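Next come the chains, spelled out residue by residue.
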Amino acid sequence: MSGGSHAKSDINVTPLIDIVLVLLIIFIVMVPGLSKSLPVVVPQVVKTDKPTPPDPKNPPIVVTVEPTSDNKDYKFQLQSDAIQLAELADRLTPVVQLQPAGMRKVFVRVDEEVPYQVAVNVLDQIRRASERAKKETAAKPEWGGLDGGDIKVVMAVKKRNP
């Protein structure tokens, strides 16, 4: 061995440059394909002073729960008719079936003095009416097997004036 021959310790960077260039080309080709987007239409907020009046063909269904005058029991009303809690599901089912499919809605007005459990019992009766209405509607041939959808419940607490 002569004095001029020793091992070279430099790193061969040619393969590294080849890999980096291939990755760069891949990213240049793929980036325009990733930036595709779908057009989105954002609804505009329309402020009105007056709420829309209820549809006379489809009046809202209102269930009201209030304590009696002695605050020992509770009064239940479907629209303006006094009913018992146990018969709410039976009376509500045919009324709900008259509403358009997918738009079944019941408004529940609960007095602030009514305990939470009583309100839950009312909601349970509405759920039973929803299940019955769906089952009976799906059985009708004119609906073609559609069930009409679940009842949506809108609940409001009625505050007493001091």
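Residues numbered from 1 in each chain as written. Predicted model: local features only at pLDDT ≥ 70, side-chain atom pairs only at ≥ 80, totals over all residues. Heavy atoms only, no water.

S.K.: When you look at the side chain of threonine 64 in this model, what are you seeing that I'm missing?
M.R.: Looking at the secondary structure, you find threonine 64 in strand S1 (residues 61-67). Not counting residues within four places of it along the chain, the set of residues in contact with threonine 64 comprises Lys75, Phe76, Gln77 and Arg109. (Helix = DSSP H or I, 4+ residues; strand = E, 2+ residues; numbered from the N terminus. Contact = heavy atoms within 4.5 Å.)

S.K.: For this particular structure, what's the right way to read the layout of surface pockets?
M.R.: Once rolled over the atoms, a probe with the size of a water molecule shows which space is left empty. The volume enclosed by the largest pocket comes to roughly 200 Å³. Taken together, 12 residues line the largest pocket, and the ones lying closest to its centre are Asn58, Gln99, Met103, Lys105 and Phe107. (1 Å grid on protein atoms, 1.4 Å probe; cavity = no way out; pocket = protein on both sides within 12 Å on 5 of 7 lines; lining within 4 Å. Points joined across faces, edges and corners; volume = space filled by probe spheres on them.)

S.K.: Is there a simple way to think about the pairing of strand S4 (residues 105-111) in this case?
M.R.: The two faces of a sheet get side chains in turn, since along a regular strand they alternate between them. As defined by bridge partners, S1 adjoins S4 across five bridges and the pair is classed as parallel. Residue isoleucine 61 lies in a different strand from S4, and its bridge partner there is valine 106. The sheet contact formed by S4 and strand S5 (residues 152-158) spans seven bridges and is parallel. What sits directly across from aspartate 111, in S5, is lysine 158. (Pairing = 2+ DSSP bridges.)

Geometry only, nothing functional implied.
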